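The residues making up each chain are set out below.
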Amino acid sequence: MDNAVFDEVKRIIQESSNIVFFGGAGVSTASGIPDFRSATGLYNQKSNTQYSPEYMLSREFFVTHPDEFADYVRENLIYENAQPNGAHYALAKLEKEGKLKAIITQNIDRLHQKAGSKNVLEIHGSLYEYYCTGCRQEYTFEDFKSVKKGALRCSKCSKVVRPDVVLYGENLDMTVFYSAIKAIEEADVFIVGGTSLVVYPAASLLNYYHGHKLVLINMEKTSADSFADYVLHGDISQILHDLVN
Ligand code: CNA
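Before going into details, it helps to say that this report is about the structure given with it. (Residues numbered from 1 in each chain as written. Predicted model: local features only at pLDDT ≥ 70, side-chain atom pairs only at ≥ 80, totals over all residues. Heavy atoms only, no water.)

Now for the site of the ligand. In the vicinity of the ligand there are 27 residues, among which F36, R37, D109, T195 and S196 approach most closely. With respect to the ligand, the backbone of I236 contributes an N or O atom lying 2.8 Å from a nitrogen atom. Compared with its free state, where it exposes 860 Å², the ligand has 95% of that area covered by protein. Counting atoms within 2 Å of the grid points, the majority share of the ligand lands in the largest pocket. (Near = heavy atom within 4 Å. Polar contact = N/O pair within 3.5 Å; in protein donor to acceptor, adjacent residues only side chain to side chain. Areas by Shrake-Rupley, 256 points an atom, 1.4 Å probe, with all protein chains shown as cover. 1 Å grid on protein atoms, 1.4 Å probe; cavity = no way out; pocket = protein on both sides within 12 Å on 5 of 7 lines; lining within 4 Å. Sits in = over half its atoms within 2 Å of the grid points.)

Okay, here's the thing in structure tokens:
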């Protein structure tokens, strides 16, 4: 990692009171939750089904195979005992100090909130909220967990209960997405990290930043390296911790 860039980013974080963070699965890998696209990610792991993980996380698969979908979520996405890491805590600290205005996350693991962050915009939803696809009755994670195999069915209308996450082929909640755009448009420093920036429309959020302090922190190169103002390659849990403490 480039020490001069690190020192410069540390300085701009110290001087700013309007930082916005946008992150993805790489923010939580140090907490033991695999991402999708790294060598050790979910997309590269062997599975005992004929379907690709991408397809199993699509609206089409959910609608046609609700029980297999629920089993896949239970076995591969839920890490109930995972704890926040240095990245989550560093961002929570910046918010507490009045320096960070919003966290925009593609993650569905609730670890930012576990670390104490308050203004978290979950653009892909959360695995810890559930609703009935028939009557929209809300259910809890505990309800979902109480079923050991297959999907939870609604006690009122018997339809399938699903996690409140955005699947491939589904639209984002535009209220949350517009709040994310507004925060980015108003940001002084925009830190983007732990994301491959290949999932749209999430990745298009970078287009809404108009400043000159775009900081990119990622293990591997991304398509945004060429236009970011500062690029730091490495483990974001360590880098954000070191930048903030
Ligand atoms: P991705 O496409 O799997 O990319 C992850 C990126 O993070 C890669 O570029 C890695 O190089 C990088 N990375 C991995 N570990 C680290 C680390 N320790 N430090 C720095 N960089 C690291 O994931 P994206 O978030 O870009 O894709 C969006 C998907 C992934 C969203 O829809 C999420 O819901 C989904 N996802 C979420 C979780 C979670 O909630 N923790 C886990 C897995 C996937």
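Inspection of the secondary structure assignment puts A183 in helix α8 (residues 174-186). Classification of A183 as buried rests on a relative accessible area of 14%. In the structure, A183 is positioned 81 residues away from A102 in sequence and 6.8 Å away in space, judged by C-alpha atoms. Discounting residues that sit within four places of it in the chain, A183 has contacts with V20 and A102. (Helix = DSSP H or I, 4+ residues; strand = E, 2+ residues; numbered from the N terminus. Buried < 20%, exposed > 50% of the residue type's maximum accessible area, 1.4 Å probe, protein only. Contact = heavy atoms within 4.5 Å.)

Let us now look at the pattern of salt bridges. Side chains bearing opposite charge may pair, as long as their charged atoms lie close to each other. Tallied over the full model, the rule gives 14 salt bridges. One salt bridge in this structure joins E170 and R162, with 2.8 Å as the shortest N-O distance. When its relative accessible area of 17% is taken as the criterion, E170 is described as buried. Its relative accessible area of 4% is what places R162 among the buried residues. K182 is the partner of E186 in a salt bridge, and the nearest nitrogen-oxygen pair spans 3.1 Å. Taken together, the residues span about one helical turn, with E186 and K182 both in helix α8 at a distance of 4 residues. The structure contains a network of salt bridges with shared partners spanning E8, R11 and E15. (Salt bridge = Lys/Arg side-chain N within 4 Å of Asp/Glu carboxyl O.)

Attention now moves to the sheet that holds strand β2 (residues 100-105). Ordered by their spatial adjacency, 6 strands build an open sheet running β3-β2-β1-β7-β8-β9, and the pairing between neighbours is parallel. Taken across any chain shown, the strands that pair with only one partner, and hence form the sheet edges, are β3 (120-122) and β9 (230-233). In this sheet, neighbouring strand axes are inclined to one another by 15 degrees on average, regardless of whether the strands run parallel or antiparallel. When strand β8 (residues 214-218) meets β9, the two strands line up parallel, connected through 4 bridges. Directly across from V215, in β9, lies its bridge partner Y230. Together, β1 (19-23), β7 (189-193), β8 and β9 form the strand contacts of helix α1 (residues 3-15), whose direction differs from that of β9 by roughly 120 degrees. Along the sheet, helix α5 (residues 86-96) contacts β1 and β2; its crossing angle with β2, the most-contacted strand, is approximately 145 degrees. (Pairing = 2+ DSSP bridges. Axes fitted to C-alpha atoms, helices over the stretch in contact; angles between N-to-C directions.)

Taken as a whole, this structure holds 1 cavity of 30 Å³ or more when the rule is applied. Reported here for the largest cavity is a volume of approximately 30 Å³. If you trace the largest cavity, you find it lined by I33, Y79, E80, A82, D109, L111, K114 and Y128. Here the residues of the lining of the largest cavity are counted per class, giving 5 nonpolar, no polar and 3 charged. (Points joined across faces, edges and corners; volume = space filled by probe spheres on them. Nonpolar A, V, L, I, M, F, W, Y, C, P; charged D, E, K, R; others polar.)

Once that is clear, we can look at the layout of surface pockets. Taken as a whole, the largest pocket holds about 1,000 Å³ of empty space. Lining the largest pocket are 49 residues, and of these A25, D35, F36, R37 and N107 sit closest to its centre. A total of 3 residues in the lining of the largest pocket trace back to one element, the largest contributor, which is helix α4 (residues 66-76). Class assignment of the residues belonging to the lining of the largest pocket gives a composition of 25 nonpolar, 17 polar and 7 charged. Taken as a whole, the second largest pocket encloses approximately 310 Å³ of empty space. Around the second largest pocket, the lining is made up of 18 residues, and of these G125, D164, V165, V166 and D173 lie nearest the centre. For the lining of the second largest pocket, the secondary structure elements donating two or more residues are β4 (125-132) and β6 (161-165). Here the lining of the second largest pocket takes 4 residues from β4, the largest share from any one element. Residue composition of the lining of the second largest pocket, grouped by class: 6 nonpolar, 4 polar and 8 charged.

On their own, these measurements won't tell you what the molecule is for.
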